[in-house]
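Descriptive structure summary
Here are the chains, one letter per residue:
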Amino acid sequence: MHTPGSSLLALMLQGEGGTVPNTSAFSIVEALAKSTWAGKGVLIILALFSIASWSVFLYKWWTFRRSEGQSALFLDVFRRSSKFSEVQAVCRSLEESPLVGLFQAGYTELTAQLRQNTTPSMESEGADNPKAVAPRPTLKSLPAVDRALLRASVVEVNKLEHRLPLLATTASITPFIGLLGTVVGILITFGQIGASGSTSLGVVAPGIAEALVTTAAGLLAAIPAVGFYNHLTQRVKDFASQMDDFAMEFLNIAERNFT
């Protein structure tokens, strides 16, 4: 069905060129093949950013999935064990869990304090009198254990956030790179229009279409990166919350048994 607007456009095109051009579908592949060196350079840069963001997301998704599974196993072992030494024995097989780093830091500080409170005189007194009751081990400073857990938590969060800034960079910078390619492409198109002296749609449209491809490519690189970054950042927050809960649970056990 022809509208008055389309008829008017056909008359204008006939007035300029004498014939109505074939309105075939725009081919993105053809636009990419005909794009300028600047456009191709921008597209290569955007492709590299996109590949990097997808690689980071897939790697972190796989890593977080393993960490989540091992954290569940570690918590099960931790809550079923009656001694910290039993938990320490399984830490090596669950190193992907950030809770293992917290536990080892707290266990190291706890063990160091208990060893300092066990003096040689107490040991010799117990050896001289076999019936003597061994003194109950006590912590010298519970806040020191808390600080050790806090320091370990910061280290584990930094490990979880490793490579995430690349996703944020991709999400923020690729639209501007694509826009830069579009601006350069339009400038080149205007230069070609000035050289040919023709402003017909057949001369203007292909150049502008090729220039807009870089903007579309920039958005295609940025949109997934935004989703990846938000998803992984939320996972890091969940891990951090889990570590806070575990640290409080560890401190409660230490305070109940060693103070």
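For every chain, the first residue of its written sequence is number 1, and the numbers climb from 1 along that sequence. For this predicted model, a pLDDT threshold of at least 70 governs which residues receive local features, and a threshold of 80 or more governs which side-chain atom pairs are given and counted, while totals over whole chains, interfaces and linings are taken from all residues. Where side-chain values are given, they derive from all heavy atoms of the structure, hydrogens and water being excluded.

1. Things to note about unusual backbone geometry
Non-glycine residue R163 carries a positive phi angle of around 75 degrees. Here a strand is any run of E in DSSP of at least two residues, a helix any run of H or I of at least four, and the numbering for each starts at the N terminus. Within the secondary structure, R163 sits in the loop between α7 (142-160) and α8 (164-196). For each residue, the accessible area found with a 1.4 Å probe, counting protein chains only, is set against the maximum for its type, and the residue is called buried under 20%, exposed over 50%, and partly exposed in between. Since its relative accessible area comes to 41%, R163 is described here as partly exposed.

2. Some words on the confidence of the model for the protein
A residue's pLDDT is the confidence the predictor assigns to it, expressed on a 0 to 100 scale. Confidence in the prediction of the protein, expressed as mean pLDDT, is 82, and 75% of residues score 70 or more. No element of the protein has a lower mean pLDDT than helix α1 (residues 4-17), which averages 42, and none a higher one than α7, which averages 95. Two residues qualify as a contact provided that any one of their heavy atoms is within 4.5 Å of a heavy atom in the partner residue. Taken together, the stretch residues 1-25 has pLDDT below 50 and engages in nine contacts with residues farther than four places along the chain or on a different chain. Note on residues 121-127: pLDDT is under 50 here. Beyond four places in sequence and across chains, it has three contacts.

3. Describing a nonpolar patch on the surface
Residues form patches when they are more than 30% accessible in relative terms and have no salt bridge. Like charges link within 9 Å. Nonpolar side chains (Val, Leu, Ile, Met, Phe, Trp, Tyr) link within 5 Å. Here, Shrake-Rupley sampling with a 1.4 Å probe gives the accessible areas, and only protein chains in the shown set may cover a residue. For salt bridges, the criterion is a side-chain nitrogen of Lys or Arg within 4 Å of an Asp or Glu carboxyl oxygen. Together, Y59, W61 and W62 make up an exposed nonpolar region whose accessible area comes to about 350 Å². Here W62 shows up in helix α3 (residues 37-80). On the accessibility criterion, W62 (48% relative accessible area) is partly exposed.

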